[in-house]
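Working through the structure, step by step
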Amino acid sequence: MPRYWASWWSGNYQDEGCTRPPFKFWNSGQRERANGGPESERDECSLCAVIDAEDDLAVQKMIATHFPDHEMRFCEEKPDNFTPGDRFR
């Protein structure tokens, strides 16, 4: 099965429908929520994961299932033995 390195923006807030996925993911940064308004104290996280799936659409569907507020950044196919760098250990 192909391996993908994917990244997306999400608030990752449980009360907004985000759930724990069956894959390990990392938070690599944050930004102010684009539609949060000045009174909002919620940010969005730049999340990333290595996901084995049939194709990139299956990866995006899996992310959407667990992070309904997601905004995809990228989804790149990688070699079967791909692991992220030391920053993500």
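Just so we're clear, the structure is a prediction, and the values are computed from it rather than from any experiment. (Residues numbered from 1 in each chain as written. Predicted model: local features only at pLDDT ≥ 70, side-chain atom pairs only at ≥ 80, totals over all residues. Heavy atoms only, no water.)

**Section: the pattern of salt bridges**
The cut-off we apply is this: For this document, the term salt bridge refers to a Lys or Arg side-chain nitrogen within 4 Å of an Asp or Glu carboxyl oxygen. Elements are defined by DSSP. Helices are runs of H or I of four residues or more, strands are runs of E of two residues or more, and each kind is numbered from the N terminus. Summary of the burial criterion: residues with accessible area below 20% of their type's maximum are buried, those above 50% are exposed, and those between are partly exposed, where the area comes from a 1.4 Å probe applied to protein chains only.
As enumerated under the stated definition, the model contains seven salt bridges in all. In this structure, Glu16 and Arg33 form a salt bridge, with 2.8 Å as the shortest nitrogen-oxygen distance. Linking Glu16 in the loop between β1 (3-10) and β2 (25-32) with Arg33 in the loop between β2 and β3 (43-52), this pair joins segments that are 17 residues apart in sequence. What makes Glu16 partly exposed here is its relative accessible area of 31%. For Arg33, a relative accessible area of 16% corresponds to the buried category. Glu44 is the salt-bridge partner of Arg31, the closest N and O atoms lying 2.8 Å from each other. Linking Arg31 in strand β2 with Glu44 in strand β3, this pair joins segments that are 13 residues apart in sequence. Overall, the relative accessible area of 24% leaves Arg31 in the partly exposed class. Since its relative accessible area comes to 9%, Glu44 is described here as buried. Residues joined by salt bridges that share partners form a network here, namely Asp15, Glu16, Arg33 and Arg42.

**Section: the environment of Arg31**
Put simply, the rule is: Any two residues having at least one pair of non-hydrogen atoms within 4.5 Å are treated as being in contact. For this analysis, a polar contact is any N or O atom pair within 3.5 Å, provided that within protein one partner can donate a hydrogen and the other can accept it, and provided that sequence-adjacent residues contribute only side-chain to side-chain pairs.
In sequence terms Arg31 and Trp9 are 22 residues apart; their C-alpha atoms lie 8.8 Å from each other. Setting aside residues no more than four positions away along its own chain, Arg31 makes contact with Trp9, Asp43, Glu44 and Glu71. Here the side chain of Arg31 touches Glu71 through a polar contact of 2.8 Å, side chain to side chain.

**Let's talk about the sheet that holds β2**
The test is simple: Pairs of strands are assigned from DSSP output, requiring at least two bridges between the strands. Here, axes are lines fitted to C-alpha atoms. For helices the fit covers the stretch in contact, and angles between N-to-C directions go from 0 to 180 degrees.
Spatially, β2-β3-β1-β4 is the arrangement adopted by the four strands of the open sheet, whose pairing is antiparallel. Each edge of the open sheet is held by one strand with a lone partner, namely β2 and β4 (71-78). Averaged over neighbouring strand pairs, the angle between their axes works out to 15 degrees when direction is ignored. In this sheet, β3 lies alongside β2 in antiparallel orientation, the contact comprising six bridges. Each residue of the ladder has a partner; that of Arg31, found in β3, is Glu44.

**Examining the nonpolar core**
For the record, the criterion: By convention a nonpolar core is built from buried Ala, Val, Leu, Ile, Met, Phe, Trp, Tyr and Cys residues, the set being connected through side-chain atoms within 4.5 Å.
The biggest cluster of nonpolar side chains holds 14 residues, and the ones touching the most others in it are Ala6, Trp8, Phe23, Ile51, Val59, Ile63 and Phe67. At the level of elements, β1, β3 and α1 (56-66) are the ones that each hand at least two residues to this core. No other element matches the four residues that β3 contributes to this core. Every residue in contact with Ile63, bar those within four places of it in the chain, is listed here: Ala6, Trp8, Phe23, Ile51, His70 and Met72. Membership of the second largest hydrophobic core comes to six residues, among which are Trp5, Cys48, Val50 and Phe82.

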